[in-house]
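Here's the letter readout for the chains.
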Amino acid sequence: MFKQIAGLLKYRRQFLDLLVGVPHYETYVQHRRTHHPDEPILTRKQFFSEAQEARYSAKGGKISRCC
Amino acid sequence: MSIHNEVCGLRGNWKSIVLWCCVSLLGAVSLAIVALRRGETVNAVWLVVAAVCFYAVAYRFYARFMARRVLEIDDTRMTPAELHNDGKDFVPTHKGVLFGHHFAAIAGAGPLVGPVLAAQMGYLPGALWIIVGVILAGAVQDFIVLFASTRRDGKSLGDMIKDEMGRVTGLIAMIGILGIMIILLAVLALIVVKALVGSPWGMFTIACTIPIALLMGAYMRYIRPGRVTEASVVGFILLIAALIYGQSVAESTTLAPLFTFQGETIAYLLIGYGFVASVMPVWLLLAPRDYLSTFLKIGTITALAIGIVVVMPDLLMPYASKFVNGTGPVFSGNVFPFLFITIACGSVSGFHALIASGTTPKMIERESHMTMIGYGAMLTESFVAIMALIAACIITPGIYFAINSPAAIIGADAMQAASTISSWGYSVTAEQLTTLAHDIGESTVLSRTGGAPTLAVGMANILSNVAGGKALMSFWYHFAILFEALFILTTVDAGTRVGRFMVQELMGTVNKRLGNTESFAGNLVATGICVFAWGYFLVQGVIDPLGGINSLWALFGIANQMLAGIALLFGTTILFKMGKKAYVWVTLLPTSWLLVVTMTAGYQKLFHAEPSIGFLAQARQYQTALDDGRIIGTAKNLGQMGQIVRNNYLNAVICGIFMLVVVTVFIAAVRMWYGIASGRPYTLHEAAYAARDSKSKEGVKSRV
């Protein structure tokens, strides 16, 4: 039971971020570290700015919210 | 792949059998109480229980049937999130987290407004359509589009239609999508206008959201980069402070006039705002307000759900009102087809097809998660619609009609309105109307059309019963107005950007240079075109003799259902291509229903002899009066009379275009199906199958 709750809490931040459509920075860092260890990693600020731009710029006809 | 061969039914587990028998029985009993009890009021909880049981059974059986038999969901197959994992857009994401993401993206103002308007026919027709519609049409559409996009590396609906159904069909569909976008923005903005007319309290809090958002934007950019939740908490506290101070503003004789506006003024303010907001950097205004409104939305919806269960209000609206015959004041037209386009989102919403082919498919961890995210999230959205319906139906019917009938029908004075509405058989006194206005801190409740004020009154009723009592009624009312207006304005801003892009892409198909999205001047022009387009319909709605919602909401509903029809035609096409001839009825059934509904509604909106329904009839009515030099309806002068005539012709043209788009896509689809059936070669444009490596075998075992 406690394990399950702890498991859920682990996802809390990612859940809140993705609820508003912001990719989770920690996941990104982890991904870069494991899969591209030699390449530079964006700072939180760079990552966040790029993500915001990508979400609303509507390039590629991307629609992020509904009626 | 053992899961595919399993029988869809229960696995001989008696506990499961007993459980699902109980759920089905409970659902049937609740629905029977909701539908059949006559003469005494029905508690709203029965409606909640009926809906939840039906959703549960549909999810357990129909969604699983779709996953296993129709779509053959395959957990040995790598998803785009795994194949293209970049830690950012393509990320395998826990299904609960992704469910939240997807639900927050599909939940908008639509499911809160449609059911409120439909409540004029009583609660039963709306409730039935919401429940049956979502199970057989809405959730099916979301699920199949999410599935198709996930199998195609997360492609958008437009691209998938181009690939599978041809370029021309894709282009036509895109024009349709732009059309619905424009009408959507206009009608949503109109709802905000209607809610804020003559309401200094509401206007003040909405105005405050702008500096609050700027502050949050700066905080997330410079002070604590990327800390969305922190900034949102700060923003929320400021928002509540603004809301509380708003009461003093409304009561102050010096400040209140500064925030009291006519409808047309608010419309022009919104248009100007829409233009400025959508050329500003996103991090400054749009993004922070989006975060704030999303958290607020999820929080409020949860609060409403808890409130309904705790307060257990009675449904005061009859199960079917006398207006099922199509003579209602809120929107005109018969149950068929107009109920089915009035409640679009909540039952089936074509717009979701755009979302389900957006960011979500790029984050699916396992194909089997799509059942919960595609089908399940839409069921949840439908539940939101049920709650909105309940919020509207717990209001005394007489008061409901006072809020939702245009001034042209009930007049602008409480005595007159009360006697008109009482003469329809829904008794209400002038005193009741003025008391309510006083309780919610507004000058009047008459003709506050558009759905938002009704929902706010209903929510204030429920929430003030949970906390605060009568004293906090006005707070909760304005809280509800704020929450709706906030996310509608965010949609207006975000939607204008999307519309701008579509305008540019369409221009790009004519001339490559016009479609350059990097050019600043080009962006301004395209934004201008987009804002002008929805702004025109907005102003038209504000001066419309029947209140605007009557014509614009119908157009929006037709457009949205039309898009759903297109998405389902696409779904049927890929089922044919996948060789699933035996199961095409899964999409063909809702497709045919939606086509019948949209075409009938479109035809009636065009040619119906009743001026309140048919655009052409109303144009003729006003033209005749104009020719005689008479001023009728709410028109103030001959100029406005001419305007109303032109607006009706324009609405007729738009309606005609929508119908043409559907017919073209339909013909293209049928030709393709015929070709496939008669053995012509075709290709399914799915991405190549990639097997998950043997290490992660647990995926295979996970249940659909």
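The numbers attached to residues start from 1 for each chain and follow its sequence in the written order. Chains carry letters and ligands carry numbers; both start at the beginning, A for chains and 1 for ligands, and go up in the order they are written. Restriction of local features to residues with pLDDT of at least 70 applies here, the model being predicted, together with a cutoff of 80 or more for giving and counting side-chain atom pairs; totals for whole chains, interfaces and linings are based on all residues. Side-chain calculation: all heavy atoms of the structure are included, whereas hydrogens and water are not.

1. Some words on the overall build of chain A
This is how it is decided: Runs of H or I in DSSP of at least four residues are treated as helices and runs of E of at least two as strands, each being numbered from the N terminus. For a compact globule the rule gives 2.2 Å times the number of residues to the power 0.38, and the radius of gyration it is set against comes from C-alpha atoms. Here's how the labels work: a residue is buried when its accessible area is under 20% of the maximum for its type, exposed when over 50%, partly exposed in between, all with a 1.4 Å probe on protein chains only. Only the protein chains shown count as cover for residues, with accessible areas throughout obtained via the Shrake-Rupley method and a probe of 1.4 Å. Under the counting rule used here, the positive set is Lys and Arg, the negative set is Asp and Glu, and His together with the chain ends is not counted. Think of each charge as sitting on NZ of Lys, CZ of Arg, CG of Asp or CD of Glu.
Within chain A, the secondary structure is distributed over four helices and zero strands. Here the C-alpha atoms of chain A give a radius of gyration of 15 Å, more than 25% beyond the 11 Å that 2.2 N^0.38 yields for 67 residues. Taken along the three principal axes of its C-alpha coordinates, chain A extends 45 × 40 × 20 Å. Counting the 67 residues in chain A, one finds 43% classified as buried. For chain A, the exposed area adds up to about 4000 Å²; of that, 58% sits on carbon and sulfur atoms. Separation between the mean location of the 12 positive side-chain charges and that of the 6 negative ones in chain A comes to 9 Å.

2. Topic: the overall build of chain B
As a reminder, the rule being used: Two residues form a contact once any of their heavy atoms are found within 4.5 Å.
Of the regular secondary structure elements, chain B holds 28 helices and two strands. For a compact globule of 704 residues, the expected C-alpha radius of gyration is about 27 Å, and chain B comes in at 25 Å, within 12% of that figure. Expressed as a percentage of the 704 residues in chain B, the buried residues total 62%. Sequence-distant contacts, at least 24 apart, represent 83% of the contacts inside chain B between residues at least 6 apart. Within chain B, one finds 46 positive and 36 negative side-chain charges whose respective centroids are separated by 7 Å.

3. Some remarks on the interface of chain B and chain A
So the rule is basically this: The term buried area means the drop in 1.4 Å probe accessible area that two parts suffer when joined, counted for both and summed. In the sections that follow, a salt bridge refers to a side-chain nitrogen of Lys or Arg positioned within 4 Å of a carboxyl oxygen of Asp or Glu. N or O atoms closer than or at 3.5 Å make up a polar contact, with two conditions inside protein: a donor-capable atom paired with an acceptor-capable one, and, for residues adjacent in sequence, both atoms drawn from side chains.
If you look at the interface, chain B gives 58 residues, while chain A gives 37 residues. When chain B packs against chain A, the two sides together hide about 4100 Å² of surface, and 65% of this comes from carbon and sulfur. A salt bridge links arginine 55 of chain A to aspartate 290 of chain B; its shortest N-O distance comes to 3.0 Å. Summed over the shared surface of chain B and chain A, the result is seven residue pairs in polar contact (both at pLDDT 80 or more).

4. Structural notes on helix α24 (residues 549-577) of chain B
Residue and element names in this part refer to chain B. For the record, the criterion: Given the number of residues in a helix, its expected span is that number minus one, multiplied by 1.5 Å.
Counted at 1.5 Å a residue, the expected span for α24 with its 29 residues is 42 Å, and the 41 Å between its end C-alpha atoms agrees. With 29 of its 29 residues buried, α24 lies for the most part within the structure. Taken from the residues just after α24, glycine 579 is the one with a positive phi, measuring 80 degrees.

5. Notes on the confidence of the model for chain B
Threshold: Values of pLDDT, which run from 0 to 100, indicate the predictor's confidence residue by residue.
Residues with a pLDDT of 70 or more make up 97% of chain B, whose mean pLDDT is 92. In this model, residues 695-704 of chain B is a region of pLDDT below 50 whose contacts with residues beyond four sequence positions or in other chains number 18 contacts.

6. Here's the deal with the packing of α24 of chain B against helix α27 (residues 638-677) of chain B
Residues and elements named next belong to chain B. Our working rule: Angles here are taken between N-to-C directions and fall from 0 to 180 degrees, while the axes themselves are lines fitted to C-alpha atoms, restricted in helices to the stretch in contact. Oblique is the label for any angle not covered by the other classes, which are roughly parallel (under 35 degrees), roughly antiparallel (over 145) and roughly perpendicular (65 to 115).
Axis separation between α24 and α27 bottoms out at 10 Å; the angle between their running directions is 10 degrees. With respect to α27, the axis of α24 lies roughly parallel. Contacts from Ser551, Leu555, Ile558, Ala559, Met562, Ile566, Leu569, Thr572, Thr573, Phe576 and Lys577 in α24 reach Asn651, Ile654, Cys655, Phe658, Val661, Val662, Val665, Phe666, Ala669, Met672, Trp673 and Ile676 in α27.

7. Describing the packing of aromatic side chains
Residues and elements named next belong to chain B. Let me state the cut-off plainly: When two rings of Phe, Tyr or Trp (its six-membered ring) have centres within 6.5 Å they constitute a pair, described as stacked for plane angles under 30 degrees, edge-to-face for angles over 60, and tilted for the intermediate range. We call a charge positioned above a ring when the Lys NZ or Arg CZ atom is no farther than 6 Å from the ring centre and deviates by at most 35 degrees from the ring normal.
Applying the stated criterion to the full structure yields 32 aromatic pairs over all chains. Centre to centre, the rings of phenylalanine 340 and tryptophan 593 are 5.0 Å apart; their planes meet at 85 degrees, and the pair counts as edge-to-face. One end of the pair, phenylalanine 340, is in helix α14 (residues 335-342); the other, tryptophan 593, is in helix α25 (residues 585-607), with 253 residues separating them in the sequence. Under the relative-accessibility criterion, phenylalanine 340 is labelled buried at 12%. The partly exposed category is assigned to tryptophan 593, whose relative accessible area is 32%. Among the aromatic side chains, those forming a connected cluster through ring pairs are Phe323, Tyr400, Phe401, Trp424 and Tyr426. Here the guanidinium or amino end of arginine 60 rests over the ring plane of phenylalanine 61, the centre of that ring lying 4.9 Å away.

8. Digging into the pattern of salt bridges
Residue and element names in this part refer to chain B. Tallying each qualifying case throughout the model produces 20 salt bridges over all chains. The residue arginine 151 makes a salt bridge to glutamate 367 at a minimum N-O spacing of 2.8 Å. Of this pair, arginine 151 sits in the loop between α7 (123-150) and α8 (157-165) while glutamate 367 sits in the loop between α15 (351-356) and α16 (370-393), placing them 216 residues apart in sequence. Note on arginine 151: relative accessible area 7%, which makes it buried. Note on glutamate 367: relative accessible area 2%, which makes it buried. Of the charged contacts, one joins glutamate 442 and arginine 448 as a salt bridge, the two residues approaching to 3.2 Å between their closest N and O atoms. We note that glutamate 442, like arginine 448, is buried. Residues joined in a network through salt bridges with shared partners are Arg77, Arg151, Glu367 and Glu686.

9. Re the nonpolar core
All names here are of chain B. Going by this rule: By convention a nonpolar core is built from buried Ala, Val, Leu, Ile, Met, Phe, Trp, Tyr and Cys residues, the set being connected through side-chain atoms within 4.5 Å.
If you look at the biggest cluster of nonpolar residues, it comprises 255 residues, and the most contacted ones within it are Tyr375, Trp534 and Leu538. Every residue in contact with leucine 538, bar those within four places of it in the chain, is listed here: Ala186, Ala189, Leu190, Val193, Ala267, Leu270 and Ile271. In this structure, Ala619, Tyr622, Ala625 and Val645 belong to the second largest nonpolar core, which totals eight residues.

10. Description of helix α19 (residues 414-423) of chain B
All names here are of chain B. In plain terms, the rule: Summarising the geometry, the arc corresponds to the directions from the helix axis toward the C-beta atoms.
For α19, the set of buried residues is Ala414, Ala417, Ala418, Thr420 and Ile421. Considered in projection along α19, the buried side chains sweep an arc of 165 degrees and stay on one side of the axis. Residues of α19 that are exposed and point over 90 degrees away from its buried face: Met415 and Ser423. On its buried side, α19 packs onto α17 (397-404), α18 (407-410) and α20 (430-439). Backbone geometry just after α19 places glycine 425 at a positive phi near 105 degrees.

11. Regarding unusual backbone geometry
Residue and element names in this part refer to chain B. Each neighbour pair has its own omega, and for phenylalanine 336 with proline 337 the value is 0 degrees, a cis peptide bond. Within the secondary structure layout, proline 337 lies in helix α14. For serine 447, which is not glycine, the phi dihedral falls at a positive 50 degrees. With respect to the element layout, serine 447 can be found in the loop between α20 and α21 (452-466). Given the relative accessible area of 19%, serine 447 is considered buried.

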